[in-house]
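Residue-level structural notes
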Amino acid sequence: MSEILVLVEQVDGEVKKVTLELLTLAKSLGEPSAVWAGPGLSDAAAAKLAEYGADKVYNAAAQEVVDYVVAPKAELLAQLVADKSPAAVLVAATAEGKEVAGRLAVKTDSGVITDAVGVGEGFVADQSIFGGGVNVRSKVAKGTPIIAVRPNSTPPAPNAGAGAVEEVAVALSEAAKAARVVERVKQEKGARPELAEAAIVVSGGRGVGSAENFSVIEGLADALGAAVGASRAATDAGWYPHQFQVGQTGKTVSPQLYIAAGISGAIQHRAGMQTAKTIVAINKDPEAPIFELADYGVVGDLHQVVPQLTEEIDKR
Ligand code: FAD
């Protein structure tokens, strides 16, 4: 069996779900080692990583690792690649994860695959490319495979590993210290799950009609315990904040269920959601392109359909 490095994503010391997914995936391919970048690894967090398969937990606890933007994480992983010769490195295909992956690929002279939605034997990855226009199966041909995997691609499953914690000293280059973090502003955490990680996403588009009407979308999302998303038409109109935009220039989501209400299904929107397991479209135009992609479609006015759906779900 071979070692696979998994870069841990965490918030305030709490391991994010995507990391548990990556560990589960890594466990199916080899021996996962979690890489904790920065201070704050608690016994509880280490135990969680072990529970989901980490045989080792590399703890790079230096404050410096989080004092600078992205580059230290790539240097830390490059150092571990040189020291441990892992079979592969897995990171989450988040904005930061993808940047770490790209930098790491350059540093280790390796190939990189981003937006993978599955990784199989021999590190062959199913990948969504060209803004989601094409799905391909690809394999890194040079160096250590570095693969950024989309959240929600693998259901997390406990499968205990040894979880041996090993301290790692990091020697950052001057180049890694080029951009210093001067302030961290916590985003208000709502009751809803985080968009990129949510198992269910309910998104609204231009068809929603106004900022006020987004309460209809939020109502359905809350009934389902889902995150709210929006098309660019809706965010550009100021109806919903930009951080919730799904698509090529917004967030990429891969939930179990994606409900698109009043969204036409433009290629740039599809780029961010077409790897969802099940897609439901609600649109009053039967010719809307979103129906080509949808597993289930409702032709109708979302202002009638969505509240009825919410009511039905609330009854259960
Ligand atoms: P529209 O295309 O106007 O569709 C609205 C839909 O709502 C229609 O199908 C209509 O039939 C339906 N509708 C109207 N009223 C109702 C009703 N009452 N009930 C039910 N259905 C109704 N877009 C993104 O979403 N994300 C991106 O990241 C993104 N990035 C882009 C990047 C670039 C470089 C470019 C050029 C464009 C990008 N776009 C992006 C924009 C994209 O091309 C589309 O313009 C956008 O996705 C359209 O949003 P929409 O589907 O909400 O609006």
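None of the values given here were measured: they were computed from a predicted structure.

We now examine the nonpolar core. Residues L49, L90, V119, I147 and V149 are the most contacted members of the largest nonpolar core, which totals 31 residues. Broken down by secondary-structure element, the contributors of at least two residues to this core are β1 (3–7), α1 (17–27), β4 (31–37), α2 (43–51), β6 (88–92), β7 (112–120) and β10 (146–149). Not counting chain neighbours up to four residues away, the residues in contact with L49 comprise V8, V15, T19, L23, A34, W36, L41, A54 and V57.

Scanning all chains against the criterion turns up two aromatic pairs. Cluster of aromatic residues (ring-pair linked, three or more members): F214, Y240 and F244.

Moving on, we get to the confidence of the model for the protein chain. When the pLDDT values of the protein chain are averaged, the result is 94; 98% of them are 70 or greater. Model confidence for the complex is summarised by a pTM of 0.81, with the ipTM given as 0.99.

This next bit is on the site of the ligand. Residues in close proximity to the ligand total 25 residues, the closest being R206, S231, T249, S264 and N283. Measuring from an oxygen atom of the ligand, one finds a backbone N or O atom of G262 at 3.0 Å. Here H269 contributes a side-chain N or O atom positioned 2.8 Å from an oxygen atom of the ligand. Bound to the protein, the ligand loses 76% of the 990 Å² it would expose on its own. Secondary structure elements with two or more residues in the shell around the ligand: α7 (232–236), α8 (267–270) and α10 (302–315). Of the residues contributing to the shell around the ligand, the split by class is five nonpolar, 15 polar and five charged.

With that settled, consider the packing of helix α6 (residues 214–224) against α10. Where α6 meets α10, the closest approach of the two axes is 9 Å, and the angle between their N-to-C directions is 25 degrees. One element, α6, and the other, α10, form an angle in the roughly parallel class. Read as a crossing pair, α6 and α10 show a hand that is left-handed. For the pair formed by α6 and α10, the contact residues are V216, G219, L220, A223 and L224 on the first element and L302, V306, P307, L309, T310, I313 and D314 on the second. Partitioning the contact of α6 with α10 into residue classes produces nine nonpolar, two polar and one charged.

Turning our eyes to something else, we now look at unusual backbone geometry. Phi angles above zero are rare outside glycine, and F123 is one such case at about 60 degrees. Relative to the helices and strands, F123 is located in the loop between β7 and β8 (124–129).

On to the sheet that holds β6. Spatially, nine strands are ordered β9-β8-β7-β10-β6-β1-β4-β5-β11 in an open sheet, and the strand pairing comes out mixed. Every other strand in the sheet has two partners, leaving β9 (134–139) and β11 (164–167) as the edge strands with one partner each. Strand-to-strand, the axes of this sheet are offset by a mean angle of 35 degrees, without reference to chain direction. One ladder, built from four bridges, connects β6 with β10; its direction is parallel. Bridge pairing in β10 links A92 to V149. Sheet strands touched by α2: β4, β5 (56–60) and β11. Its angle to β4, the strand with the most contacts, is close to 155 degrees.

Bringing the environment of A179 into the picture now. Of note, A179 is situated in the loop between β11 and β12 (200–204). For the pair A179 and I200, spaced 21 residues apart in sequence, the C-alpha to C-alpha distance is 35 Å. Leave out the neighbours within four places in its chain, and A179 touches D67, Y68 and V69.

Within strand β15 (residues 278–283), five of the six residues are buried, which leaves it mostly tucked inside the rest of the structure. Pairing of strand β14 (residues 257–261) with β15 involves five bridges; the strand directions are parallel. Bridging across to β15, A261 finds its partner in I282. The pairing of β15 with strand β16 (residues 296–299) spans four bridges and is classified as parallel.

A few words on the environment of S203. Residue position: S203 is located in strand β12. S203 gets classed as buried once you look at its relative accessible area, which sits at 0%. When the C-alpha positions of S203 and G238 are compared, they lie 15 Å apart, and in sequence the two are 35 residues distant. Sequence-distant contacts of S203, defined by excluding residues within four places in its chain, comprise I217, G229, A230, V246, Y258, I259, A260, A261 and I263. Here Y258 takes part through its side chain, which lies 2.8 Å from a polar atom of the side chain of S203.

Rules behind the numbers
Residues numbered from 1 in each chain as written. Predicted model: local features only at pLDDT ≥ 70, side-chain atom pairs only at ≥ 80, totals over all residues. Heavy atoms only, no water. Core = buried A, V, L, I, M, F, W, Y, C linked by side-chain atoms within 4.5 Å. Buried < 20%, exposed > 50% of the residue type's maximum accessible area, 1.4 Å probe, protein only. Helix = DSSP H or I, 4+ residues; strand = E, 2+ residues; numbered from the N terminus. Contact = heavy atoms within 4.5 Å. Phe/Tyr/Trp six-rings, centres within 6.5 Å; stacked < 30°, edge-to-face > 60°. pLDDT = per-residue confidence, 0-100. Near = heavy atom within 4 Å. Polar contact = N/O pair within 3.5 Å; in protein donor to acceptor, adjacent residues only side chain to side chain. Areas by Shrake-Rupley, 256 points an atom, 1.4 Å probe, with all protein chains shown as cover. Nonpolar A, V, L, I, M, F, W, Y, C, P; charged D, E, K, R; others polar. Axes fitted to C-alpha atoms, helices over the stretch in contact; angles between N-to-C directions. Parallel < 35°, antiparallel > 145°, perpendicular 65-115°, else oblique. Left-handed = near helix turned anticlockwise from the far one by under 90°. Pairing = 2+ DSSP bridges.

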